[in-house]
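Notes for the structure review
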Amino acid sequence: MSTSESDLLEEDRKLRVQINEKDLLCINGCGFYGTPQWGNRCSKCWRAHQIAEKRNIDYARNRTLLAFDRFEEKRKLSSDSRSLTLRNIIKKSPSMFTSSESTSELRASPNGTPSRHGRALSPDSSSARVAFTDWLVGNVPTPVVQEVTKMTKFAEHKIHEFDIAADDMSELVQNFYQHLNDRLNHNKFFQNQESVEVQSVMEEVERYLSVVTYNRLFCPTADEEVGDLSLQERIRSLNWVTAGFLETKLDFKRAAVRDSLDEALTECLSINSPRKIDEKLGCIVRCCHRIFDALRNSAAPTSADEFLPVLIYILLKGNPPLLMSNVKYISRYALPHRIMSGESGYFFTNLSCALQFVQDMNHDSLKMAQTEFEAYTSGQIQPPPSAANCGCNQAIASMEQSLSHLEKLELEQKKLADEMEALGKTVAKMEEEIESSYGFLDDYPTKELQDLLEKVDEEEKKTFQVCNLTAQFQKKKNEAPSQVPNNDAVESQGPKEQ
Amino acid sequence: MERATTSASSEGEFRFKVVLLGEGAVGKSSLMLRYVEDKFSPRHVSTIQASFLSKRLDLGDNHVDLDIWDTAGQEKYHALGPIYYRGSHGALLIYDITDKRSFEKVKIWVRELQRALGETAVLIVVGNKLDLESERTVDRTEAIQYAKSVNAEYVETSAKENLGLADLFEKISSLMIDKWEKTREISGRTSQNSSSSNGSRRGIQLVDEQNDAAQRTGKCCK
Ligand SMILES: Nc1nc2c(ncn2[C@@H]2O[C@H](COP(=O)(O)OP(=O)(O)OP(=O)(O)O)[C@@H](O)[C@H]2O)c(=O)[nH]1
Ligand SMILES: [Mg+2]
Ligand SMILES: [Zn+2]
C-alpha cells in the first residue's frame, strides 16, 4: 500500500516534470513558453492568432455584405485577369468593344433590356430601371427619353462586358458622363429656362447606373477586398487612440454629446446599405452633421480644425466594414459635382482625409514617443482610462447616467428628510402653543361638572323608572273597561321598551 | 491628371471651389465667417457650422456660386492638403502679418499647389490681421514681390475689422472666370482639331460612336 502510494507520487512528479519540459512550450513550436489562457501559445503567437481570427470574422462579414456568389466570381476574375492590361485586351480582340452584333441588337430595340447575355436582373435593378424610365418620361420629351435611355443602356451593357482595371473603368464612365452631359447641353429642350436641368438628368443616369452595375463596380477585385480587411485590421490596432489623443474638444460628460456621436457612428456604418452613390453620400453627410451637433453641444468651435479630428475619432471607433471600397466606388463613379462641390463634396473630401490620416497615423501625428506608440499599437500597454477615453463605452456611459440619477435621488431624499424634520419641528411647536394657550382644558371635565352629570344621570334613571311604572299602570288600566285619558309620551316609549 | 469639373453649367453661371490654406491661427476660419456671415469672434469660438460655406456673388452679367472650404490648419494634417485642394479653382494662401513663420508656410503651400494643380487654379496670397499693423513682421513689399514671382495676386485683410474681404472674394471670382474662359477657348480649339471630342481611348469607350455619328448626320438608323 505504502509502496503503491509512493509509486503514484513518483508518477505524479514525473508527469509534472514532463509537463514542465515539453507541454508548456508554445504550440507553434517557436521555442517560447505558452500559457493555457492563450491556447498554449506564447504571447506573440497568441496575438498573431487573434489577429488571424478577427481577420476571418471581418472577411466573413464583408463577404456577406458583398454577397457570396459574386465574391467567388470576382476572385476568379481577378486572379485570371491580372495580367490582362488595358493595352493587351485591345490588341487581343479589338472587335470586342465594337462588337457589331451587340450594337445591332441594342439598336434594334433601344428600350429592350440588355440582359440577354445571361444576366438576370435583381429586384433592385429592375425597380431602378422602372424608376429611371418613369422619371425620364415624366420630365423630358420622348426623343430625349429615347436618347438618354439608349446611351445609358449601351454604357451599362459595356460596363458589364469590359474586363478592365477599375481606374480605367472609372475613366470610361466619367467620359461617358461628360459626353452625355455635352450632348444634352446642346439639345434645344434644355435651353429653355423652364425645362428640367441637364444636371438633374445626369443625376438620374448616375443613380440608375450605380444600382445596375453595382455588383460589377463595387469592390471589383479580391485585392481591393484585402485592402478593406487590412484597413479594418489597422483600425483595430489603433483602437487605443482616444478622443484625448486626437485633441478633440468633445465634452463626453454631456449625454447629448455622447448621443450625437452614437448617431454619427450609426450613420457612418450605414454606408453599406444603399447602392446609389447619392444615398451613400447622404450617409456621410448625415454622419458629419451629427459630428457638428456633438461639437456644438460641447460648446466647441465648429471649424475645420475641430471637425476633422472628430471624424477621425468616429472612424476609429466605428471601424466600418468595406469603407475603403465605398470611398473608392464613390470617387470613381460619382458625378464630378457631387464630390467636388457642395456639402457632400466637402464632407466626402474630409472623409477621404480622415481615412488617409488613419492609414498614415504614427507617433508623430499623435505627438508621442515612437516606443510608446508602438507599445500601444502592439497591445503591450493600455492607455490610461479617462472620461474622454470611454465616451462611447456604453456600459460606462450608462453607469455615469445611473450615478447622476443616484446623485439626484440622494439630493431629493435629503430634501425630503429636511422637510420632514422641519415638519416635525413645526408640529412640536404647535403642540406647545396649543398647550400654553388652551392649558385650562387639562382640568376638563371639572369636579362640579362631573357631579352635575352624575346627578343628571340619576335623575334620568329615576324619571325612567317612574315612567315605566306609569306605563304598566296604564296598561292594566286599559285592559279594564273604563279608561284614563291618554298620555302620548309614555305610550310611545312603552312598546319600544318591551 | 485632374479631370476638369463642370464649373459653368450655363452661360454666365459659375460654380467654383475655393480652399483656404494656411498655418493654424492665421485667421482662416475667422475670415470665412466674417465674409459669409459677417461675424467675428475674438475668442476663436463660434456656434455655427463654419467649415464649409457657400456664397452667391453677382459680378456684372456673371453669377458665381462660391464654395468656400476651410481646412484643418494643424501641422499634423498638412499632408492631407492634396486631398483638400484637389479640383479647386482657386486657393487663398493666408498668413498672419505679425507672424513671419506663417508667411514661410505660405511659400510651402504655393510650391505644393503649383506642383499639384499646375496653372489650373487661381492663387491669392493673403496677409491677414491688418488691424495689427503696429506688430507687423512681414514686410508688405516683400510679400507683394513674392506673390508676383509665383504668379499669384496679393491682398491684405483684417477679419476683425472687416477690411478687404469683399474685394478679396470678388477678385478671386473674376480671376477664376477669366481663367475658365481662357481654358475653354483653348480646349475649344483643340477639340475641333482632334477627331474625338470626348477623350475616348482608342475605340474603347462606353459611347456608341457609330450610332452617334449616324444621328448627327441625320441618317435614320431604323
Ligand atoms: N487682430 C486680429 N485677429 C484676428 C484676425 N483674424 C483672426 N484673428 C484671431 O486669430 C485667432 C485665430 O483665428 P482663426 O480664424 O481660428 O484661425 P485659423 O486660421 O482658422 O486657425 P486654425 O483653424 O487653427 O487653422 C482668433 O483668436 C481670431 O480671433 C484679424 O484680422 N485681426
Ligand atoms: Mg480654423
Ligand atoms: Zn509562439
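Residues numbered from 1 in each chain as written. Chains lettered and ligands numbered in written order. Predicted model: local features only at pLDDT ≥ 70, side-chain atom pairs only at ≥ 80, totals over all residues. Heavy atoms only, no water.

**Some words on the overall build of chain B**
Looking only at helices and strands, one finds six helices and six strands in chain B. Listed N to C, the secondary structure of chain B is β-α-β-β-α-β-α-β-α-β-α-α in terms of helices and strands. Of the accessible surface of chain B, which amounts to about 11,200 Å², a share of 49% is contributed by carbon and sulfur atoms. (Helix = DSSP H or I, 4+ residues; strand = E, 2+ residues; numbered from the N terminus. Areas by Shrake-Rupley, 256 points an atom, 1.4 Å probe, with all protein chains shown as cover.)

**Considering the overall build of chain A**
Across its full length, chain A holds 22 helices and zero strands. Looking at chain A as a whole, 41% of its 498 residues are labelled buried. Taken as a whole, chain A presents about 28,600 Å² of accessible surface, with 54% of it coming from carbon and sulfur. (Buried < 20%, exposed > 50% of the residue type's maximum accessible area, 1.4 Å probe, protein only.)

**So, the coordination of the zinc ion (ligand 3)**
Residue and element names in this part refer to chain A. For the zinc ion (ligand 3), the full set of protein donor atoms is C26 (SG), C30 (SG), C42 (SG) and C45 (SG), and the range of their distances to it is 2.2 to 2.4 Å. Angles of 99 to 126 degrees at the metal separate the four donor atoms of the zinc ion (ligand 3), which places the site in the tetrahedral class. Sequence positions of the donors to the zinc ion (ligand 3) reduce to the motif C-x3-C-x11-C-x2-C. Of this pair, C30 sits in the loop between α1 (2-23) and α2 (43-66) while C42 sits in the loop between α1 and α2, and the two are twelve residues apart along the sequence. With a relative accessible area of 6%, C42 lands in the buried category. (Donors = N, O, S within 2.8 Å, 3.2 Å for Na, K, Ca; no water. Tetrahedral: all angles 85-135°; square planar, octahedral: opposite > 155°, others 65-115°.)

**Details of the confidence of the model for chain A**
Residues and elements named next belong to chain A. Here chain A averages 79 in pLDDT, and 77% of its residues register 70 or above. Taken as a whole, residues 78-118 scores under 50 in pLDDT and shows 58 contacts with residues more than four places along the chain or in a different chain. Low pLDDT, under 50, characterises residues 489-498; the predicted model gives this stretch six contacts beyond four residues in sequence or across chains. (pLDDT = per-residue confidence, 0-100. Contact = heavy atoms within 4.5 Å.)

**Re the site of ligand 1**
What surrounds ligand 1 is a group of 21 residues, the closest being D305 of chain A together with A25, K28, S30 and D131 of chain B. Around ligand 1, the nearby residues trace back to chains A and B. Between ligand 1 and the protein, one listed contact pairs an oxygen atom with a backbone N or O atom of V26 of chain B at 3.2 Å. The separation between an oxygen atom of ligand 1 and a polar side-chain atom of K28 of chain B is 2.7 Å. When the free accessible area of ligand 1 is taken as 650 Å², the share hidden by the protein chains comes to 88%. (Near = heavy atom within 4 Å. Polar contact = N/O pair within 3.5 Å; in protein donor to acceptor, adjacent residues only side chain to side chain.)

**A closer look at a nonpolar patch on the surface**
Residues and elements named next belong to chain A. A cluster of nonpolar residues, Y444, L449, L452, L453 and V456, forms a patch on the protein surface that exposes about 500 Å² of accessible area. By secondary structure assignment, the location of V456 is in helix α21 (residues 447-479). Given a relative accessible area of 42%, V456 falls into the partly exposed group. (Patch = residues over 30% accessible without salt bridge, like charges linked within 9 Å, V, L, I, M, F, W, Y side chains within 5 Å. Salt bridge = Lys/Arg side-chain N within 4 Å of Asp/Glu carboxyl O.)

**Focus on the pairing of strand β6 (residues 153-156) of chain B**
Residue and element names in this part refer to chain B. As paired strands, strand β5 (residues 122-128) and β6 are joined by four bridges and run parallel to one another. Residue pairing for β6: I124 is matched across the bridge by E153. Read as a crossover between parallel neighbours, the route from β5 over helix α4 (residues 140-149) to β6 is right-handed. (Pairing = 2+ DSSP bridges. Right-handed = clockwise from strand over helix to strand, strands pointing away.)

**Some points on the coordination of the magnesium ion (ligand 2)**
Every protein donor of the magnesium ion (ligand 2) is accounted for by D305 of chain A (OD) and S29 of chain B (OG), and the metal-donor separations fall at 1.9 to 2.3 Å. You can see D305 of chain A sitting in helix α15 (residues 304-318) and its partner S29 of chain B sitting in helix α1 (residues 28-37), one on each of two chains. A relative accessible area of 11% means that D305 of chain A is categorised as buried.

**Let's talk about the sheet that holds strand β4 (residues 90-96) of chain B**
The six strands lie next to each other as β2-β3-β1-β4-β5-β6 (chain B), forming an open sheet whose pairing is mixed. Of all the strands in the sheet, just β2 (52-59) and β6 of chain B have a single pairing partner and so form its edges. The sheet shows a mean angle of 25 degrees between the axes of neighbouring strands, direction not considered. Seen against the sheet, helix α18 (residues 342-360) of chain A touches β1 (13-21), β2 and β3 (62-69) of chain B and runs at an angle of roughly 25 degrees to β3 of chain B. Strands in contact with α1 of chain B are β1, β2, β3, β4 and β5 of chain B; relative to β2 of chain B, the strand with the most contacts, it is inclined by about 50 degrees. (Axes fitted to C-alpha atoms, helices over the stretch in contact; angles between N-to-C directions.)

**Quick look at helix α12 (residues 222-237) of chain A**
Taking 1.5 Å per residue as the helical rise, α12 of chain A with its 16 residues ought to reach 22 Å, and the 23 Å between its terminal C-alpha atoms agrees with that figure. When we look at burial in α12 of chain A, the residues that qualify are A222, E224, E225, D228, L229, L231, Q232, I235 and S237 of chain A. (Expected span 1.5 Å × (residues − 1).)

**Things to note about the side chain of K17 of chain B**
Counting through the fold element by element, K17 of chain B comes out in strand β1. In this structure, K17 of chain B is in contact with M340 of chain A together with D67, W69, Y84, Y85, R86, G87, S88, H89 and G90 of chain B, ignoring residues within four places of it in sequence.

**A word on the pairing of β5 of chain B**
Residues and elements named next belong to chain B. With respect to burial, β5 is a largely interior element, seven of its seven residues being buried. As judged from the seven bridges shared by β4 and β5, these two strands associate in the parallel manner. Bridge pairing in β5 places L92 opposite I124. In this fold, β4 hands off to helix α3 (residues 100-117), which returns the chain to β5; that crossover is right-handed.

**As for the pattern of salt bridges**
All chains considered together, the criterion is met by 33 salt bridges over all chains. Ionic pairing is found between R136 of chain B and E156 of chain B, a salt bridge with its closest N-O pair at 2.9 Å. With R136 of chain B in the loop between β5 and α4 and E156 of chain B in strand β6, this residue pair connects regions lying 20 residues apart in the sequence. Sharing partners across several salt bridges, the network here consists of E263, R290, D293 and R296 of chain A.

**A short note on unusual backbone geometry**
Phi is mostly negative for residues that are not glycine, and the peptide bonds are mostly trans. Residue and element names in this part refer to chain A. Here the phi dihedral of N40 falls at roughly 60 degrees; this positive angle occurs in a residue that is not glycine. Take N40: it is sitting in the loop between α1 and α2. On the basis of relative accessible area, N40 is assigned to the partly exposed category, the value being 33%. In this structure, C219 is a non-glycine residue whose phi angle is positive, near 45 degrees. Structurally, C219 can be placed in the loop between α11 (214-217) and α12.

**So, helix α8 (residues 166-186) of chain A**
Taking 1.5 Å of rise per residue, the 21 residues of α8 of chain A would be expected to cover 30 Å, and the 30 Å separating its terminal C-alpha atoms lies within 8% of that figure. Within α8 of chain A, 15 of the 21 residues are buried, which leaves the element mostly enclosed by the surrounding structure.

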